[in-house]
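Single-letter residue listing:
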Amino acid sequence: MDAAAEAILREQALETFGVCSFACIQAHLHSCRAAARLPEHPRSVLVVLFPYRFPENGPRNLCRYACVPDYHKTAGAVLERAAAALRQKYPENHFEPFIDNSPVPEVEAAVRAGLGCRGDNGLLLHPLYGSYVFIGTIVTDRYWEAADAPLTGCRHCGACKADCPAGCIGRGDRDGCLSAVSQKKGALTAEEQQMLRANGLAWGCDRCQEACPANRSALIRPHPCFDRYMPWLSAADLDDLADKAYGWRGRAVPERNLKILYNR
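Residues numbered from 1 in each chain as written. Predicted model: local features only at pLDDT ≥ 70, side-chain atom pairs only at ≥ 80, totals over all residues. Heavy atoms only, no water.

## Looking at the overall build of the protein chain
Each helix and strand counted, the protein chain has nine helices and six strands in total. Over its C-alpha atoms the protein chain spans a radius of gyration of 19 Å, differing by no more than 12% from the 18 Å that the globule rule assigns to 264 residues. Along the first, second and third principal axes, the C-alpha atoms of the protein chain reach 60 × 40 × 35 Å. Across the 264 residues of the protein chain, 51% fall into the buried class. Across the protein chain, every contact between residues at least 6 apart in sequence was considered, and the portion connecting residues at least 24 apart equals 80%. Working note: accessible area of the protein chain is about 12500 Å², and carbon and sulfur atoms make up 50% of it. Averaging the locations of the 31 positively and 30 negatively charged side chains of the protein chain gives two centres separated by 5 Å. (Helix = DSSP H or I, 4+ residues; strand = E, 2+ residues; numbered from the N terminus. Rg over C-alpha atoms; globule rule 2.2 N^0.38 Å. Buried < 20%, exposed > 50% of the residue type's maximum accessible area, 1.4 Å probe, protein only. Contact = heavy atoms within 4.5 Å. Areas by Shrake-Rupley, 256 points an atom, 1.4 Å probe, with all protein chains shown as cover. Lys, Arg positive; Asp, Glu negative; His and termini not counted. Charge placed at Lys NZ, Arg CZ, Asp CG, Glu CD.)

## Focus: helix α3 (residues 71-89)
Its 19 residues give α3 an end-to-end C-alpha distance of 26 Å, which sits within 8% of 27 Å, the value for a rise of 1.5 Å per residue. Every buried residue of α3 is accounted for by Y71, T74, A75, G76, V78, L79, A82, A83 and L86. Contacts from the buried residues of α3 go to α1 (3-11), β2 (44-51), β3 (95-99) and β6 (133-140). (Expected span 1.5 Å × (residues − 1).)

## Quick notes on the environment of A66
Secondary-structure assignment places A66 in the loop between β2 and α3. A66 gets classed as buried once you look at its relative accessible area, which sits at 2%. The sequence separation of A66 and A236 amounts to 170 residues, and the corresponding C-alpha distance is 17 Å. If sequence neighbours within four positions are ignored, A66 has contacts with W203, M230, A245 and Y246.

## Some details on the pattern of salt bridges
Inspection of the entire model under this criterion finds 18 salt bridges. Residue R251 is joined to D239 by a salt bridge in which the shortest nitrogen-to-oxygen separation is 2.7 Å. Remark: D239 occurs in the loop between α8 (207-211) and α9 (252-262) and R251 occurs in the loop between α8 and α9; sequence separation between them is twelve residues. Residue R251 is classed as partly exposed on the basis of its relative accessible area, which comes to 32%. (Salt bridge = Lys/Arg side-chain N within 4 Å of Asp/Glu carboxyl O.)

## Some details on the packing of helix α7 (residues 190-199) against α9
Axis angle and axis distance: for two packed helices, these are the angle between their axes and the distance between the axes, and together they describe the pair. Across the interface, α7 lies against α9 with an axial gap of 9 Å and an inter-helix angle of 75°. Overall, the two elements α7 and α9 adopt an arrangement that is roughly perpendicular. Across the interface between the two elements, Q193, L196 and R197 from α7 touch N257, I260 and L261 from α9. Partitioning the contact of α7 with α9 into residue classes produces three nonpolar, two polar and one charged. (Axes fitted to C-alpha atoms, helices over the stretch in contact; angles between N-to-C directions. Parallel < 35°, antiparallel > 145°, perpendicular 65-115°, else oblique. Nonpolar A, V, L, I, M, F, W, Y, C, P; charged D, E, K, R; others polar.)

## Points about the packing of α1 against α3
Packing of α1 against α3 leaves a shortest axis separation of 9 Å and a crossing angle of 150°. Taken as axis vectors, α1 and α3 run roughly antiparallel relative to one another. For the pair α1 and α3, the sense of crossing is right-handed. Side by side, α1 and α3 meet where A4, A5, I8 and L9 of the first sit next to A82, A85, L86 and K89 of the second. (Left-handed = near helix turned anticlockwise from the far one by under 90°.)

## Describing the sheet that holds β3
Strands sit in the order β1-β2-β6-β3 across an open sheet of four strands; the sheet is antiparallel. Both outer strands of the open sheet, β1 (17-21) and β3, are each paired with one neighbouring strand and no more. Direction aside, the axes of adjacent strands within the sheet are offset by 25° on average. Lying on the sheet, α3 is in contact with β2, β3 and β6; it crosses β3 at an angle near 165°. (Pairing = 2+ DSSP bridges.)

## Some points on unusual backbone geometry
The backbone of A13 shows a phi angle near 60°, a positive value even though the residue is not glycine. Within the element layout of this structure, A13 appears in the loop between α1 and β1. A positive phi is found at H156, a non-glycine position, where the angle reads about 55°. The residue H156 is located in the loop between β6 and α5 (159-163) in this model. A residue is classified by how much of its surface remains accessible, and H156, at 51% relative accessible area, is exposed.

## Some details on the side chain of N61
Within the secondary structure layout, N61 lies in the loop between β2 and α3. Separated by 3.2 Å, the side chains of N61 and Y262 make a polar contact. (Polar contact = N/O pair within 3.5 Å; in protein donor to acceptor, adjacent residues only side chain to side chain.)

This is a description of form; function is not addressed.
Shown next as structure tokens:
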């Protein structure tokens, strides 16, 4: 990537980034509505990381990613600004930003861009931030030299697998993953309710991340777009879900989880 593009990213406090070629990930694209926004002739994928880990000084009943403002909106807005500035600098090219709801296989793109390795739990492990990062991408028809690093794995210590409440890591599927259980609609089974109580979180699950050695000294330097840290969810908080990562499910699911946790 050239110096002008790097300066544009740094203006948005995006300090951790890399490039992979679109060809490297093309065979693994996700089928989703957002794929319609891909440039007609994509060549490069700019991958940026949004660290989100905050210092923790008290109890929390939310997984770490849900303690910060909804990354779809906050990090998405940063990506939009960066893409707009890139379009202005390179008007002959197209730049399309994506985060989470994306045709790009984000972890694979990040590994290919030289930003870390894939853990056995499927998450990106960055050398400084561990797995406490959101991954954003900007797909462009502009050519930039790509890292195209090989897909490497973690050290396979087995810690995440041993600590997974659902025992789904290394099984080839994520059926029963507690994070997914906490987000599903409707009534939970007695076993699912017990898993939720044992974990103590009203949304998500951090167990595999907490067990991972790569996170033991993960750098605490959240991106400035995450200007608040809200570790505790109460019933009163459900009246305003506008900028919450769990807001997409509406009130009923987190409210159910709170009742399961606190028998209310």
